[in-house]
Amino acid sequence: EAAVTQSPRSKVAVTGGKVTLSCHQTNNHDYMYWYRQDTGHGLRLIHYSYVADSTEKGDIPDGYKASRPSQENFSLILELASLSQTAVYFCASSDRASNTEVFFGKGTRLTVV
Amino acid sequence: AQSVTQPDARVTVSEGASLQLRCKYSYSATPYLFWYVQYPRQGLQLLLKYYSGDPVVQGVNSFEAEFSKSNSSFHLRKASVHWSDSAVYFCALSMSTNAYKVIFGKGTHLHVLP
């Protein structure tokens, strides 16, 4: 079964600190995504990647970097965490075709204090 | 611009009642449409999808949805809800011209009263 695994599942970070969220997929999918979920906003795309060693900006990339060192792994990096980045972050993967579903990880709850 | 609108942020129904969750989309080309469900502290899971053919599609757990091109809608239905259906439901649009671009609605929080 398709699987997307995120780590950690929750994290408390201090303002100004560096945070790395990791994601691993065993789906052999080309596309990987990082979404942010906030109450009232639904899911917003931060970064995505369609091939290893390449990342693209999504709709809300400011304050975030992404890294795709291999097809299976995709990281989200907050170089200088801020209070406004407190949210639940979801990693996801999908096949290249538009009519296929997106497979989600269980999310990482990030609290910046 | 492409968009997905779920007009109801929260819906409350009694167990055994029928359910309709509304979804409207805006997209000029062929849409690929999905409904996902999110249970507490979980990621989103696919309920059903539509990309061609019969406008009524069946999904898991007795959910179905009907695509209407004339109304630009993709409403989710269930004949009889169970308390375990309480969750957040997301409608999503995948664009045929951009494989990566999936647009999600803001979600509808369904609360089923036992």
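Residues numbered from 1 in each chain as written. Chains lettered and ligands numbered in written order. Predicted model: local features only at pLDDT ≥ 70, side-chain atom pairs only at ≥ 80, totals over all residues. Heavy atoms only, no water.

## Some words on the overall build of chain B
Scanning chain B for helices and strands turns up zero helices and 12 strands. Mapped in sequence order, the helices and strands of chain B form the string β-β-β-β-β-β-β-β-β-β-β-β. Here the C-alpha radius of gyration of chain B, 14 Å, is about what a compact globule of 114 residues would show, namely 13 Å. The principal-axis extent of the C-alpha atoms belonging to chain B is close to 45 × 30 × 20 Å. Counting across all 114 residues of chain B, residues that qualify as buried make up 46%. Of all intrachain contacts in chain B linking residues separated by at least 6 positions in sequence, the fraction that spans at least 24 positions is 55%. For chain B, the computed accessible surface area is about 5,400 Å², with 49% contributed by carbon and sulfur atoms. Each charge class in chain B was averaged separately, 10 positive and 6 negative side chains, and the resulting centres sit 11 Å apart. (Helix = DSSP H or I, 4+ residues; strand = E, 2+ residues; numbered from the N terminus. Rg over C-alpha atoms; globule rule 2.2 N^0.38 Å. Buried < 20%, exposed > 50% of the residue type's maximum accessible area, 1.4 Å probe, protein only. Contact = heavy atoms within 4.5 Å. Areas by Shrake-Rupley, 256 points an atom, 1.4 Å probe, with all protein chains shown as cover. Lys, Arg positive; Asp, Glu negative; His and termini not counted. Charge placed at Lys NZ, Arg CZ, Asp CG, Glu CD.)

## As for a positive patch on the surface
A grouping of Arg9, Lys106 and Arg109 of chain A together with Arg41 of chain B is seen on the molecular surface, where their side chains present a positively charged patch. Along the chain, Arg109 of chain A turns up in strand E11 (residues 108-112). (Patch = residues over 30% accessible without salt bridge, like charges linked within 9 Å, V, L, I, M, F, W, Y side chains within 5 Å. Salt bridge = Lys/Arg side-chain N within 4 Å of Asp/Glu carboxyl O.)

## Some remarks on the nonpolar core
All names here are of chain B. Counting residues in hydrophobic clusters, the biggest one holds 29 residues, and the most contacted among them are Leu19, Trp35, Leu47, Leu48, Phe74, Leu76 and Tyr89. Among the elements of the structure, strand E2 (10-14), strand E3 (19-21), strand E5 (31-38), strand E6 (44-50), strand E8 (64-68), strand E9 (73-78), strand E10 (87-95) and strand E12 (108-113) are those that each provide at least two residues to this core. Here the element with the most residues in this core is E10; it accounts for five residues. Among all residues touching Phe74, those that are not within four sequence positions of it are Cys23, Leu33, Phe34, Trp35, Leu48, Tyr50, Val57, Ala65, Glu66, Phe67 and Cys91. (Core = buried A, V, L, I, M, F, W, Y, C linked by side-chain atoms within 4.5 Å.)

## Some points on a nonpolar patch on the surface
Residues and elements named next belong to chain A. A cluster of nonpolar side chains, Val12, Val14 and Val113, forms an exposed patch at the surface whose accessible area comes to about 290 Å². By secondary structure assignment, the location of Val12 is in strand E2 (residues 10-13). Its relative accessible area of 59% is what places Val12 among the exposed residues.

## A closer look at the state of the cysteines
Applying the stated criterion across every chain yields a total of two disulfides over all chains. A disulfide bridge connects Cys23 of chain A with Cys91 of chain A, and the sulfur atoms are separated by 1.9 Å. As the torsion about the S-S bond is roughly -80 degrees, the Cys23 of chain A-Cys91 of chain A disulfide counts as left-handed. With Cys23 of chain A in strand E3 (residues 19-25) and Cys91 of chain A in strand E9 (residues 87-94), the pair connects residues that are 68 residues apart, well separated along the chain. Both residues of the pair, Cys23 of chain A and Cys91 of chain A, count as buried. Paired through a disulfide, Cys23 of chain B and Cys91 of chain B show a sulfur-sulfur distance of 2.0 Å. Around the S-S axis, the bridge from Cys23 of chain B to Cys91 of chain B shows a dihedral of about -70 degrees and counts as left-handed. Residue Cys23 of chain B is located in the loop between E3 and strand E4 (24-26), and its partner Cys91 of chain B is located in strand E10; the two are separated by 68 residues in the primary sequence. For the residue pair Cys23 of chain B and Cys91 of chain B, the accessibility class agrees, reading buried in each case. (Disulfide = S-S within 2.5 Å.)

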